[in-house]
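Here is what each chain is made of, one letter per residue.
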Amino acid sequence: RHYYTTPIYLSNIMVNAPRTVKDTPANEFVISLAQYFRSSGKMEVPQWVDIVKTATFKEHAPYDPDWFYIRCASTARKIYVHGRMGVGALRKSYSGSKNNGHNKHHRAIGSGSVARAVLHQLESLGVVEKDGKGGRVITASGMRDLDRIAGRVKVDHKMI
């Protein structure tokens, strides 16, 4: 008799394989990167973060006191994944629907001053730099740091 059994693999994924930012779920990576920014102490949070709205279509300031760290982490991930982005592209990506009362809702873009402040902080950390063609690109050291943090994120293998 010939008994041939095939080994069972965990859906062809190496469990301890090195991961990059693109391999990890976005929400878990952004939260862990924001915690890193908060714990490092290198980032200077502007004084106006507790009173500013993040867009003209918003009615209130964010309720989360650490929203600036989360926005910085989200912006760093956007630039890593999508490539060169400037203030205008970030305003567009953080846009939303404006409530016009009885009239139709229209698209409204996000705050430019928040986008500029986030980019200045990421530049001071060395994560992004200005590009000659306009906008900001991720640096080699910034890519290395973000991949290192992505490797530390705990990923549920059922999600993959």
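All values reported here derive from a predicted model rather than from experimental measurement.

With that settled, the discussion passes to the nonpolar core. If you look at the biggest cluster of nonpolar residues, it comprises 34 residues, and the most contacted ones within it are Phe29, Leu33, Phe37, Phe68, Leu122 and Leu146. Breaking this core down by element, the ones donating at least two residues are helix H1 (26-40), helix H2 (67-82), helix H3 (87-93), helix H4 (112-125) and helix H5 (140-152). For this core, the leading source of residues is H2, giving 8 residues. With residues near it in sequence (within four places) discarded, phenylalanine 29 still touches Val21, Thr24, Arg77, Leu146, Ile149, Ala150 and Val153.

Below, the discussion takes up the confidence of the model for the chain. Detailed reading of the predicted coordinates is not advisable wherever pLDDT falls low. In this model, the chain carries a mean pLDDT of 87, and residues with pLDDT of at least 70 account for 85%. Scored below 50 in pLDDT, residues 8-12 shows 2 contacts in the model against residues more than four places distant or in partner chains.

A few words now on the packing of aromatic side chains. A complete count under the given rule lists 2 aromatic pairs for this structure. Judged by centre distance (6.1 Å) and plane angle (45 degrees), the rings of tyrosine 36 and phenylalanine 37 are tilted. For tyrosine 36, a relative accessible area of 28% puts it in the partly exposed group. Given the relative accessible area of 2%, phenylalanine 37 is considered buried. An angle of 85 degrees between the planes, with centres 5.8 Å apart, marks the rings of tryptophan 67 and phenylalanine 68 as edge-to-face. Of the two residues examined, tryptophan 67 and phenylalanine 68, each falls in the buried class.

Reading the values: the criteria
Residues numbered from 1 in each chain as written. Predicted model: local features only at pLDDT ≥ 70, side-chain atom pairs only at ≥ 80, totals over all residues. Heavy atoms only, no water. Core = buried A, V, L, I, M, F, W, Y, C linked by side-chain atoms within 4.5 Å. Buried < 20%, exposed > 50% of the residue type's maximum accessible area, 1.4 Å probe, protein only. Helix = DSSP H or I, 4+ residues; strand = E, 2+ residues; numbered from the N terminus. Contact = heavy atoms within 4.5 Å. pLDDT = per-residue confidence, 0-100. Phe/Tyr/Trp six-rings, centres within 6.5 Å; stacked < 30°, edge-to-face > 60°.

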